[in-house]
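What follows is the residue order along each chain.
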Number of protein chains: 2
Amino acid sequence: MKFVCEGLVLSDAAITVSKACAARTTMPVLECIRMTAENDGVTLVAYDGELSICKKVKADVLEEGEICVNGRFFSDFIVKVSDMTVSVGTCEKGLEISYGDSRSFLQTLPASDFPKLKSEDGSDYFQVKQSAFKELIGRTVFCCATDESRPILKGCLLEAGEGKLRATALDGYRMATAECEAEGSGSLKLVCPARTLTEISRMLDDGEESLRVGVSKNMLSVTVDDTAVESRLYTGEFVNAEKIYPHEFATAVKVSKAELSESVERAIVLIRGDKNNLVLFEIKGDGILITANSEIGNVSETVKAELTGRELKIAMNGKYLLDALKVLDEETIVLSFNTPVSPFTLENENDKGNSCLILPVRTSA
Amino acid sequence: MKFVCEGLVLSDAAITVSKACAARTTMPVLECIRMTAENDGVTLVAYDGELSICKKVKADVLEEGEICVNGRFFSDFIVKVSDMTVSVGTCEKGLEISYGDSRSFLQTLPASDFPKLKSEDGSDYFQVKQSAFKELIGRTVFCCATDESRPILKGCLLEAGEGKLRATALDGYRMATAECEAEGSGSLKLVCPARTLTEISRMLDDGEESLRVGVSKNMLSVTVDDTAVESRLYTGEFVNAEKIYPHEFATAVKVSKAELSESVERAIVLIRGDKNNLVLFEIKGDGILITANSEIGNVSETVKAELTGRELKIAMNGKYLLDALKVLDEETIVLSFNTPVSPFTLENENDKGNSCLILPVRTSA
């Protein structure tokens with residue numbers, strides 16, 4: 001293999017693709033980028049066993065061929081020659097990178113060691129605005145589980161149909177749902193790894209362009225500009241969010257999002273270090289009394305609120321509350337409760353497509 | 001104690017002063033800010049046993065008095081009320097902070113627990129341009145020792161006299177010296193903790209204003225705007241830099257700083273993880289052959305250089321070399337060597353006031 005190309009073009013591709021390199025693994029080839037030079041370009045691909053990212057760049061191919069090289073070292077190195085024309089080729093010392101009068105070498109692994117990527121050509125798909133999909137992801141993936149106790153919860157449920165795409169993520173303590181407009185091939189239901197959605201989100205811009213998300217039995221595929229992302233989907237039964245989500249409430253409060261956020265942020269300062277981030281709400285009269293206590297001190301604030309229903313005392317993780325407030329975008333929001341031990345919800349005053357649910361913390365008091 | 005002031009003013013002061021709070025200590029009072037309300041203002045001060053920072057702000061003092069409060073929590077909390085008018089006072093629950101309709105409390109320690117700060121009124125001083133002092137600090141403190149094996153090396157030697165201020169820092173592996181113009185009360189020699197200089201440097205701007213640095217037997221004091229910094233000086237004999245610094249060389253090379261930096265940066269990528277950051281120089285003919293090897297690969301580059309004297313092979317810590325290159329500011333620099341095991345120097349081509357010295361690494365090859 002041997003090709004010549006602009007360092008900047010190659011480093012952009014290497015950085016993009018290396019996001020799919022495995023970080024800690026016992027299989028060094030999963031930390032690699034596979035480069036394939038043929039015809040008028042070079043294709044770079046990385047795959048960690050779940051997510052693959054592939055990008056083709058123009059190059060002057062002198063000798064076709066392919067090879068694997070450590071993705072992190074290759075991209076870090078290529079960035080440092082991005083202002084030069086670079087010649088890349090295989091030799092007995094591995095991968096030879098020549099630039100200016102200099103040449104450096106990187107260890108390689110044979111391309112045959114790289115796992116076969118199965119592209120499943122499904123005809124199912126949904127189509128969304130890039131900006132809307134990016135927003136949908138941002139409003140839900142923060143609730144995906146990060147531990148392995150129920151692996152399917154490390155993914156986000158996507159349901160397409162009837163002109164809408166709906167996302168649901170939950171980790172056993174909290175849940176977020178969001179929806180946006182979407183076209184597509186019909187009714188689809190899939191669980192996509194949170195990491196895949198995060199990487200896709202990074203590639204999307206805030207524009208109006210449409211994005212086609214292809215779905216086959218076990219795979220999701222997206223192409224953004226020249227970059228193709230494919231990801232395994234999780235199989236198994238996702239939690240039935242409908243069953244969890246309460247539809248009747250004993251207490252509802254309408255409150256300014258900014259005022260509530262600021263109060264809870266102050267409370268959080270003093271309970272830093274407490275793993276439950278315990279914040280107490282006392283909902284009564286025309287406000288919420290927010291208190292937090294630690295050995296450092298205590299915060300006690302009243303935020304004006306419009307109460308409907310019963311008065312209530314409830315304890316919660318203040319960090320979860322702040323996370324949820326961040327993804328609601330109206331000035332006024334509604335919090336709805338039943339009892340001090342049942343889940344409560346946060347929604348925008350008007351647009352109900354996007355909501356969060358949080359389990360309270362049981363306290364002895 | 002009770003006073004009312006603008007949250008923004010108080011939070012600015014708390015953030016500035018809290019830089020002198022001790023981070024990990026068995027004496028909680030050293031993590032505190034002491035607040036003293038008297039006359040028309042409040043004085044905040046923090047002291048970690050070595051460095052003190054003191055700032056006075058205007059406030060409406062309703063009741064004079066003083067108290068100590070954890071600096072980190074107080075400044076983090078006050079930042080969150082910086083858009084309000086804040087009332088601060090002592091009560092039986094500790095420090096009461098009132099803002100809007102809310103009130104929060106922080107634990108306190110009695111002001112009498114706070115260590116006595118000795119202000120030594122020396123008449124000695126030197127006077128420098130703020131920008132020049134900032135530059136001098138940036139060019140030397142990175143070479144101060146960070147371990148405790150020879151405590152005096154955690155400081156930077158400052159020598160004032162004959163219209164100049166000269167700084168020297170070394171850690172046993174490398175040394176940096178820099179100088180700038182200065183006026184003053186005569187010949188002065190002191191060793192100032194690196195941390196003090198770093199904090200002073202953060203307060204300085206890049207302007208032409210003059211800074212007066214007061215020096216007494218064991219103390220250094222500086223006032224920048226309304227902020228007073230005092231620091232203990234180190235006592236003991238500093239290393240005699242003159243003795244270490246070679247004045248005759250067998251080999252000298254003149255080289256482009258940018259080209260050398262870029263080459264060494266590429267070499268560093270591949271030897272990441274090697275604690276010696278071993279980079280080899282082979283100086284011969286009209287260039288330096290720079291090589292670095294690791295199990296990941298190897299870099300081999302030639303940088304054009306103008307050689308005077310003997311050819312030489314020498315091994316060094318590439319990280320130290322990059323640090324030194326960063327503080328030289330001319331386009332062309334000169335590296336001067338004697339043997340592969342004796343220290344070598346880096347200087348600007350013209351301005352010799354600023355220089356670095358590095359000990360090479362002995363290799364078996």
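In case you missed it, the structure is sitting above this.
By convention here, each chain's residues receive numbers from 1 onward along its written sequence. As a convention, the first chain written is A and the first ligand written is 1, with the rest following in written order. Residue-level local features of this predicted model are given only where pLDDT is at least 70; pairs of side-chain atoms are given and counted only at 80 or more, and the full residue set underlies all totals for whole chains, interfaces and linings. Side-chain measures here rest on the full set of heavy atoms in the structure, leaving out hydrogens and waters.

Q: I keep staring at the sheet that holds strand S18 (residues 219-224) of chain B and nothing clicks. Help me out?
A: Working definition: the strands of a sheet are paired by backbone hydrogen bonds and lie parallel or antiparallel to each other. Residue and element names in this part refer to chain B. Strand order in the open sheet formed by 10 strands is S10-S6-S2-S3-S4-S19-S18-S17-S11-S15, and the pairing between neighbours is antiparallel. A strand with exactly one partner marks an edge of an open sheet, and here the two such strands are strand S10 (108-109) and strand S15 (183-184). If DSSP finds at least two bridges between two strands, the strands pair. A run of DSSP states H or I qualifies as a helix once it reaches four residues; a run of E qualifies as a strand once it reaches two. Both are numbered from the N-terminal end. Direction of pairing for strand S2 (residues 32-38) relative to strand S6 (residues 65-70): antiparallel, over a ladder of six bridges. Among the inter-strand pairings, Ile33 is bridged to a residue of S6, identified as Val69. In what follows, residue pairs with any heavy atoms lying within 4.5 Å of each other are defined as contacts. Every axis corresponds to a line fitted to the C-alpha atoms, with the helix fit spanning only the stretch in contact, and the corresponding angles, defined between N-to-C directions, vary from 0 to 180 degrees. Along the sheet face, helix H3 (residues 130-138) touches strand S11 (124-129), strand S17 (210-215) and S18 and points at about 95° away from the line of S11.

Q: Would you take a moment to explain the state of the cysteines for this structure?
A: As used here, a disulfide is simply a covalent bond connecting the sulfur atoms of two cysteines. Disulfide: a pair of cysteine sulfur atoms within 2.5 Å of each other. Applying the stated criterion across every chain, the model contains zero disulfides over all chains. Cys156 of chain A provides the cysteine sulfur closest to Cys192 of chain A, a residue in no disulfide bond, and the two sulfurs are 7.7 Å apart. In this scheme, a residue with accessible area under 20% of its type's maximum is buried, one over 50% is exposed, and one in between is partly exposed, where area comes from a 1.4 Å probe on protein chains only. Classification of Cys192 of chain A by relative accessible area gives buried; the value is 0%. The structure places no disulfide on Cys5 of chain B, whose sulfur is separated from the nearest cysteine sulfur, that of Cys54 of chain B, by 15 Å. Assessed through its relative accessible area of 5%, Cys5 of chain B is described here as buried.

Q: I tried to follow the relation of the copies chain A and chain B on my own but got confused; where do I start?
A: Mapping between the two chain copies consists of a rotation about an axis together with a translation along that axis. What sets the superposition is a least-squares fit of C-alpha atoms, and only residues with pLDDT of at least 70 in both copies go into it. Superposition of chain A onto chain B requires a rotation of 180° combined with a translation of 0.0 Å along the rotation axis, giving an RMSD of 0.0 Å. Such a combination of rotation and displacement between the chain copies is what one expects of a two-fold axis. Mapped onto chain B, 100% of the interface residues of chain A are again interface residues, and the two copies thus contact each other with one and the same surface.

Q: Sorry, what's going on with the pairing of strand S22 (residues 287-294) of chain A here?
A: Walk down a regular strand and you will see the side chains alternate between the two sheet faces. Residues and elements named next belong to chain A. Inspection of the sheet shows strand S21 (residues 278-284) paired to S22 by five bridges, in the antiparallel sense. What sits directly across from Glu282, in S22, is Leu289. Connecting S21 to the next strand, S22, in antiparallel fashion are two residues, including Gly285 with a positive phi near 55°. Strand direction decides the pairing type here: S22 and strand S23 (residues 297-309), joined by eight bridges, are antiparallel.

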